[in-house]
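# Observations on the model geometry
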Amino acid sequence: MEDYEYIIILYDYYGELLSDIQRKYFEEYYFDNLSLSEISENENKSRNAIHKNIKGVISKLYDYEQKLRLYEKEKRIKNIISKIDNEELKKEIEELLWKIDFP
């Protein structure tokens, strides 16, 4: 999986654990496709400060996944569910999982 896609997935899982400003810079860079220079200009911060902030967010996202493994666990659970032949049972398990609040 491409790093970019993986980072976005991790953000979906752990973004709420970040500060408002960390989420703002991350979203402007990754979702709004603003350059570091554009963000720094809009925020009146140095380009380096924005870069360090976004790199710090990425590091935190990797760290959260390394410790909590929510994405990895969901993939494993989905793999197990895919092997179940009983469609009714499969549906019940999937409904239960989504109530747990996986992204």
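Calculation criteria
Residues numbered from 1 in each chain as written. Predicted model: local features only at pLDDT ≥ 70, side-chain atom pairs only at ≥ 80, totals over all residues. Heavy atoms only, no water. Helix = DSSP H or I, 4+ residues; strand = E, 2+ residues; numbered from the N terminus. Buried < 20%, exposed > 50% of the residue type's maximum accessible area, 1.4 Å probe, protein only. Core = buried A, V, L, I, M, F, W, Y, C linked by side-chain atoms within 4.5 Å. Contact = heavy atoms within 4.5 Å. Salt bridge = Lys/Arg side-chain N within 4 Å of Asp/Glu carboxyl O. Expected span 1.5 Å × (residues − 1). Lys, Arg positive; Asp, Glu negative; His and termini not counted. Phe/Tyr/Trp six-rings, centres within 6.5 Å; stacked < 30°, edge-to-face > 60°.

The next thing to look at is the environment of Lys91. Of note, Lys91 is situated in helix H6 (residues 87-99). Since its relative accessible area comes to 51%, Lys91 is described here as exposed.

Once that is clear, we can look at the nonpolar core. Membership of the largest hydrophobic core comes to 19 residues, with the highest contact counts inside it found for Phe26, Tyr30, Ile54 and Leu61. Broken down by secondary-structure element, the contributors of at least two residues to this core are helix H1 (3-14), helix H2 (20-30), helix H3 (36-43) and helix H4 (47-68). Contact partners of Leu61, with chain neighbours within four places excluded, come to Ile7, Leu10, Tyr11, Tyr14, Leu18 and Phe26.

The subject of this paragraph is the pattern of salt bridges. Summed over all chains, the structure comprises seven salt bridges. Of the charged contacts, one joins Glu43 and Lys24 as a salt bridge, the two residues approaching to 2.6 Å between their closest N and O atoms. Of this pair, Glu43 sits in helix H3 while Lys24 sits in helix H2, and the two are 19 residues apart along the sequence. Given the relative accessible area of 35%, Lys24 is considered partly exposed. Residues joined by salt bridges that share partners form a network here, namely Lys24, Glu28 and Glu43.

Moving on, we get to H1. In this model H1 runs 16 Å from its N-terminal to its C-terminal C-alpha over twelve residues, within 8% of the 16 Å that 1.5 Å per residue would give. Those residues of H1 that sit buried are Ile7, Ile8, Leu10, Tyr11, Tyr13 and Tyr14. In the core, the buried residues of H1 are packed alongside H2, H4 and helix H5 (70-82).

Tracing the sequence through the fold places Glu65 in helix H4. Of the side chains with opposite charge, Arg69 lies nearest to the buried Glu65, which makes no salt bridge, at 5.2 Å. When sequence neighbours within four positions are dropped, the list of residues in contact with Glu65 reads Tyr6, Leu10, Tyr14, Leu70, Tyr71 and Glu72.

Attention shifts here to the packing of aromatic side chains. Enumeration according to the criterion identifies eleven aromatic pairs in this entry. Measuring from centroid to centroid gives 5.7 Å for Tyr6 and Tyr62, while their planes differ by 40°, and the two rings are tilted. Note that Tyr6 is positioned in helix H1 and Tyr62 in helix H4, a separation of 56 residues in sequence. Arranged with centres 5.6 Å apart and planes meeting at 65°, the rings of Tyr11 and Phe31 form a pair that is edge-to-face. Here Tyr11, found in helix H1, pairs with Phe31, found in the loop between H2 and H3; they are 20 residues apart in sequence, far enough to count as distant. Here the aromatic cluster, defined as three or more aromatic residues joined through ring pairs, consists of Tyr4, Tyr11, Phe26, Tyr29, Tyr30 and Phe31.

To continue, consider unusual backbone geometry. Positive phi outside glycine occurs at Asn33, with the angle close to 60°. Classification of Asn33 as exposed rests on a relative accessible area of 61%. Within the chain, Arg69 stands out as a residue other than glycine whose phi angle is a positive 55°. Structurally, the position occupied by Arg69 is in the loop between H4 and H5.

Shape is all these values report; function is a separate question.
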